[in-house]
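Coordinate inspection notes
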Amino acid sequence: MTQIHHTVPQDNNESHEAIHQPDTSALKSGAQLLVDAFLEEGVEYIFGYPGGAVLPLYDTFYNEQIKHILYRHEQGATHAAEGYARVSGKPGVVVVTSGPGATNAITGIADAYSDSLPLIVITGQVATPGIGKDAFQEADILSMTTPITKHNYQVNDVKEIPRIIKEAFHVANSGRKGPVVIDFPKDMGILSTDSPVDNTVNTPGYFVNTKPDIDEIQKLNDYLKTSERPVILAGAGIHFSKSNALLQQLVEKYQIPVVTTLHGLGAIPYDDPHFLGMGGMHGSYASNMALTECDLLINFGSRFDDRLASNPDEFAPNATVVHVDIDPSEIDKIIKTDLGIVADVKNVIEALLKYDTEKINHDAWLTTVKSYQQEHPFKYVDDPLEKFCKPQRAIEYIGEITQGKAYVATDVGQHQMWVAQFYPFQTYGQLITSGGLGTMGFGIPAAIGAKFAKPNETVVAFVGDGGFQMTNQEMALLNEFNLNIKIVLINNGTLGMVKQWQDKFFNQRFSHSVFNDQPDFMKMSEAYGVKGFLIDDPKCLESQIDAAFLHNGPALIEIRISPVEPVLPMVPSGKANHEMEGLL
């Protein structure tokens, strides 16, 4: 018979114990059941920050059955879990306390939801009797996170913990991936049960279709046979389905040019002759012209967001549009499609590769769009008299010395777009960035999470001086865990992207976008025991970057750039893709 027990002081009377105390050999606390469930799921790391409501959990973490990483802020912990999830493909696990601990994690939860990253976030909660009574550090986290999670739970029966954890991992990491929140009242960690573990997944309303209909594949193949100007748009779905190699086979077989989204970078190698670059607001001329002139657009795993399709009415105006996505809600949401295929991208490409395509040839079209790439490549004006370093050259050079193989985390802003334009990504999961939510402060903790996932790989974080000051406290982890991460601080003394928009659209009224005072970042780096490299002379740019990357340990590389350096080209908000400005 199942029994649930509160932990009680032991009675010293042995005979009384024998008569009245149950056999506790099979009892497990809710906290231990949680850890056992994590171990069952193969959890390597917990990213977290303790507090009163989760002390029973943290007492169980004391023996380190699973490695816990103590972050300096809950937002940092969630971004680190995102970085880990992006690179490893496994859910990142976060544990935070109730009230402000949980609300501090909301930004990371919303970011993961926007970018389809699997997280399991355990939020502490006040004990069950105090819920709804405005208890100390109580917050209604279920209501707050309902719009930004795939699902959320509140544990109200200790016996349910194994099942909830099993379901949460299943939901987070299947279909369109995303975050799941588990609100965990304090007493649920203390209560014990001898109930047999039941972790059966029971999600009757949750169904994921991964297989395409054969008629849909036939129709797509027919489109390819008649198309003269096809383009593939590769989004994050290529990465999540691990179909990079298949995509490369497909484009070589059909000779189709490829445009990627920001999160699709690396879907095809940077130097592949079919790759035109990133499309959209700060995309390449060749990509945006190909999107405009194509007669067939095949979208693999992108959601047609507004940074790609700023003017949906004029997006790919002459194209038959095929949209492949595992999430049915994305089909026809922004761009009207002629063929919507709800399935895993990998399964669609595999099915398409089975067709005989001897008569299909798109060499002439590929030659045309490659000429656009030669006409207006990503480039910058390198003035030998310029006193500031060029951020584009810094990123380009780091790409050269890392052979395009580094895992690259970015913050949000101008440097993020320069990285997208100039770093030569080669494959899956290399770019770790906040795309949909555009979260400043993402870069450093996400890079740390990525390094835990790939400890033997080169990890580089590119940050701006604005976002750097939001989460740089996480640098404390670099020496603590011997994490050889190179942080490249692109410092222009401004909120660069905000200032660029004010320059163009607000008559140069630079309202609160310039930092009138900055800390000494080199001294800050020293305070964290991280070697600093200040590069303020363009002539020393490459030699100083070499020195920093040769340094055996973490480094902060501060590169001083011009406060008026813009990201170009640019499609103004609301304009069509071909209406690019600032072409060099």
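Residues numbered from 1 in each chain as written. Predicted model: local features only at pLDDT ≥ 70, side-chain atom pairs only at ≥ 80, totals over all residues. Heavy atoms only, no water.

Where we set the bar: UniProt positions are given in the numbering used here, feature names are shortened, and annotations may be inferred rather than shown by experiment.
Looking at an unreviewed UniProt entry, one finds the protein named Acetolactate synthase and attributed to Staphylococcus intermedius NCTC 11048. Word for word, the UniProt comment on the protein under Catalytic activity (unreviewed entry) is "2 pyruvate + H(+) = (2S)-2-acetolactate + CO2". Word for word, the UniProt comment on the protein under Sequence similarities (unreviewed entry) is "Belongs to the TPP enzyme family."

Notes on the overall build of the protein
What counts, and what does not: The helix and strand labels rest on DSSP assignments: H or I over at least four residues marks a helix, E over at least two residues marks a strand, and numbering proceeds from the N terminus. For the radius of gyration, the atom set is restricted to C-alpha positions; the globular benchmark scales as 2.2 Å times the number of residues to the power 0.38. Contacts between residues were defined by any pair of non-hydrogen atoms, one from each residue, lying within 4.5 Å. All tallies of charge rest on Lys and Arg as positive and Asp and Glu as negative; His and the ends of each chain are not included. Just so you know, the charge point we use is NZ for Lys, CZ for Arg, CG for Asp and CD for Glu.
The helix and strand inventory of the protein stands at 23 helices and 21 strands. Its C-alpha atoms give the protein a radius of gyration of 26 Å, near enough to 25 Å, the size a compact globule of 584 residues would have. Its C-alpha atoms put the protein at 90 × 60 × 40 Å along the principal axes. If you take every contact in the protein between residues at least 6 apart in sequence, the share linking residues at least 24 apart comes to 75%. Taken together, the 43 basic and 71 acidic charged side chains of the protein have centroids lying 4 Å from each other.

A closer look at the sheet that holds strand 14 (residues 320-325)
Threshold: Strand pairing follows a simple DSSP-based rule, namely that at least 2 bridges must link the two strands. Whenever a helix is involved, its axis is fitted only over the stretch in contact; in every case the axis is a line through C-alpha atoms, and angles between N-to-C directions fall within 0 to 180 degrees.
Here we have 6 strands laid out as an open sheet, ordered 12-11-10-13-14-15, and parallel in their pairing. This sheet does not close on itself; its edge strands, each paired only once, are strand 12 (275-278) and strand 15 (339-342). Averaged over all adjacent pairs, the angle separating strand axes in this sheet is 15°, with direction ignored. Inspection of the sheet shows strand 10 (residues 230-234) paired to strand 11 (residues 258-260) by 3 bridges, in the parallel sense. Residue Ile-232 lies in a different strand from strand 11, and its bridge partner there is Val-258. Contacting strand 10, strand 11 and strand 13 (296-300), helix 12 (residues 244-254) runs over the sheet at an angle of about 170° to strand 10.

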